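Here is what each chain is made of, one letter per residue.
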Amino acid sequence: MKSAVETLNPTRVRLTVEVPFEELKDSLDAAYKKINQQVTVKGFRKGKIPARVIDQRFGRGAVLEEAVNDALPKFYTDAVNEAELNPLGQPEVDITELKDGETLNFTAEVDIRPAVEIPDYSGIEVEVDAIEVTDEDIDKSVEQLRERFSSTTPVERAAEDGDVVTIDLEAKVEGEVLEDGVAEGVSYTIGSGELLDGIDDAVKGLEAGGEATFTSELKGGSAAGKEAEVTVKVTQVAARELPALDDDFAQLASEFDTLEELRADSRKRLANMKQYDQATQAQERVLDKLLELVEVPVPEKLLEDEINTRKHNLEHHQLAQMGLTLDKYLELQGKTAEELETETHEAAIKGIKTQFVLDELVKVEKLNVNQEELTEHLMRRAASSGMSPDQFAQAVVEGGQVPLLVGEVARGKALAVVVEAATVKDTNGEIVDLDDEDEDETEPTEAPEEKPES
């Protein structure tokens, strides 16, 4: 077999392959054997039909087609390996010549991973938000905890903001009550925004026994996205009562004896959260600076596939789980379809460039992934997917996607190397020390979307 490579552009090549006919012998034998098992010829036992009879009855062309289809993947792979290419996706194969007994010639065009030259990244400098925990932050945190320990007391008055009402609901679309549009005894806090648009205005001012009708777009169920006429009846109004902010509350809501100790713990927790956010911000900004330093051509077909994947995941997974249509999502975000298209296009380009650059860094820095790092990453991915670690691991193995997870961890480690070399200052001009962040926790935020298939 002889092969040659023609570079069409920085991300696409054409392989020209010439295969002597004798190298097709194994595939021809396999083709005759396969056809033997599929056909019946009078006078011959199944599987014992001579090759000449198959040629006469079914045509030599059918045998050659079967043999070539069997052999092409191997010859293509050999040509790719010989040229030391990194193909992306499936090739477009064209058989240019097939002469029985003489030769098989074909071409294969395929996108390839572009050559990426890693620049000196030691001079990267970024600014991040300073870690500041104010008394107002602590007050808000304690107030949220206080609300969790609130109690309710039924009252005989009209419902107000913050009250907890018990309600019955009935939704009609085009005059018909929906099968899943009736609910009784629903507990709802006025102003929480947890149910339907318009319900707050409908129930405010109603006493127990009162009812109102309003129109709202349904967020979920069989008629999600449709306008419905909703009747709400209030069966009880209860006032929310918050516990006093004192040492007794601290003992009730935490392991601390005093309110002062509880507030000190809140300050510490908020500082840790802001420190994590700061580290994430540093990683994102260092990555952006790194990508600015590197020229990375993006294969058109890969970009198209990545954009389609992101659109599909948004519309059919993320929005579906929230009970939102794409139109409703755009309305809530205040965006046009064109703006979303532009954002998706830019995010896809950044994701692909990120993967190419960090994969090259993995090779340059000779980074490896050990079993402990892979297991920790798998646990985090399982938690974010809503699956148990065992379920997630099974899906990854069955989908043949262990290399995908290894790549994610390796790219995270590569980004950590760049972050460590960068100068990171906060908005107060102070140098930020990110040494406490675990390397394997660092993951690029704009990599192409990948997930195990269950």
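Being a predicted model, the structure only gives us computed values, none of them experimental. (Residues numbered from 1 in each chain as written. Predicted model: local features only at pLDDT ≥ 70, side-chain atom pairs only at ≥ 80, totals over all residues. Heavy atoms only, no water.)

A. View of the sheet that holds strand E1 (residues 2-9). Read from one edge of the open sheet, four strands run E1-E2-E4-E3, paired in antiparallel fashion. If you trace the sheet from one side to the other, it starts and ends with E1 and strand E3 (87-99), each paired once. Mean inter-strand twist for the sheet, computed between neighbouring axes without regard to direction, equals 20°. The pairing of E1 with strand E2 (residues 12-20) spans seven bridges and is classified as antiparallel. Note on E2: the bridge partner recorded for Val 5 is Leu 15. The sheet strands contacting helix H3 (residues 60-83) are E1, E2, E3 and strand E4 (103-112), and the helix crosses E3 at an angle near 125°. (Pairing = 2+ DSSP bridges. Helix = DSSP H or I, 4+ residues; strand = E, 2+ residues; numbered from the N terminus. Axes fitted to C-alpha atoms, helices over the stretch in contact; angles between N-to-C directions. Contact = heavy atoms within 4.5 Å.)

B. How the structure looks around helix H13 (residues 402-421). In this model H13 runs 29 Å from its N-terminal to its C-terminal C-alpha over 20 residues, within 8% of the 28 Å that 1.5 Å per residue would give. The buried fraction of H13 amounts to 15 of the 20 residues, a majority that puts the element mostly inside the structure. (Expected span 1.5 Å × (residues − 1). Buried < 20%, exposed > 50% of the residue type's maximum accessible area, 1.4 Å probe, protein only.)

C. Local environment of the domain arrangement of the protein. The assigned domain composition of the protein is domain 1 (2-111), domain 2 (151-241) and domain 3 (253-426). For domain 2 versus domain 3, the separation of C-alpha centres amounts to 38 Å. With five residues of domain 2 at the interface, the matching set in domain 3 holds five residues. The three residues of domain 2 that bury the most area against domain 3 are Asp 197, Glu 217 and Lys 219, which together make up 82% of that side's buried surface. (Domains from an automatic or database assignment. Buried area = accessible area lost by both parts, 1.4 Å probe.)

D. Fine view of the nonpolar core. Counting 35 residues, the largest nonpolar core has Tyr 121, Ile 124, Leu 290, Val 357 and Leu 361 as its most contacted members. If you list the elements that add at least two residues to this core, you get strand E5 (125-128), helix H7 (259-292), helix H8 (300-322), helix H10 (337-364) and H13. A total of seven residues in this core trace back to one element, the largest contributor, which is H10. By size, the runner-up hydrophobic cluster in this structure holds 31 residues, among which are Val 19, Leu 28, Ala 31 and Ala 79. (Core = buried A, V, L, I, M, F, W, Y, C linked by side-chain atoms within 4.5 Å.)

E. Looking closely at the packing of aromatic side chains. A full pass over the atoms with the stated rule returns one aromatic pair. Taking 6.4 Å as the distance between ring centres and 85° as the angle between the ring planes, the aromatic pair formed by Phe 149 and Phe 249 counts as edge-to-face. Of this pair, Phe 149 sits in the loop between helix H4 (135-148) and strand E6 (151-154) while Phe 249 sits in helix H6 (residues 247-253); the two residues are 100 residues apart in sequence, bridging distant segments of the chain. Using a relative accessible area of 30% as the deciding quantity, one classes Phe 149 as partly exposed. (Phe/Tyr/Trp six-rings, centres within 6.5 Å; stacked < 30°, edge-to-face > 60°.)

F. Representation of the packing of H10 against H13. At a minimum axis separation of 8 Å, H10 and H13 run at an interaxial angle of 80°. It follows from the interaxial angle that H10 and H13 lie roughly perpendicular. Note on element contacts: H13 touches H10 through Ala 410, Arg 411, Ala 414, Leu 415 and Val 418, opposite Gln 355, Leu 358, Asp 359, Leu 361 and Val 362. In terms of residue class, the contact of H10 with H13 is made up of seven nonpolar, one polar and two charged. (Parallel < 35°, antiparallel > 145°, perpendicular 65-115°, else oblique. Nonpolar A, V, L, I, M, F, W, Y, C, P; charged D, E, K, R; others polar.)

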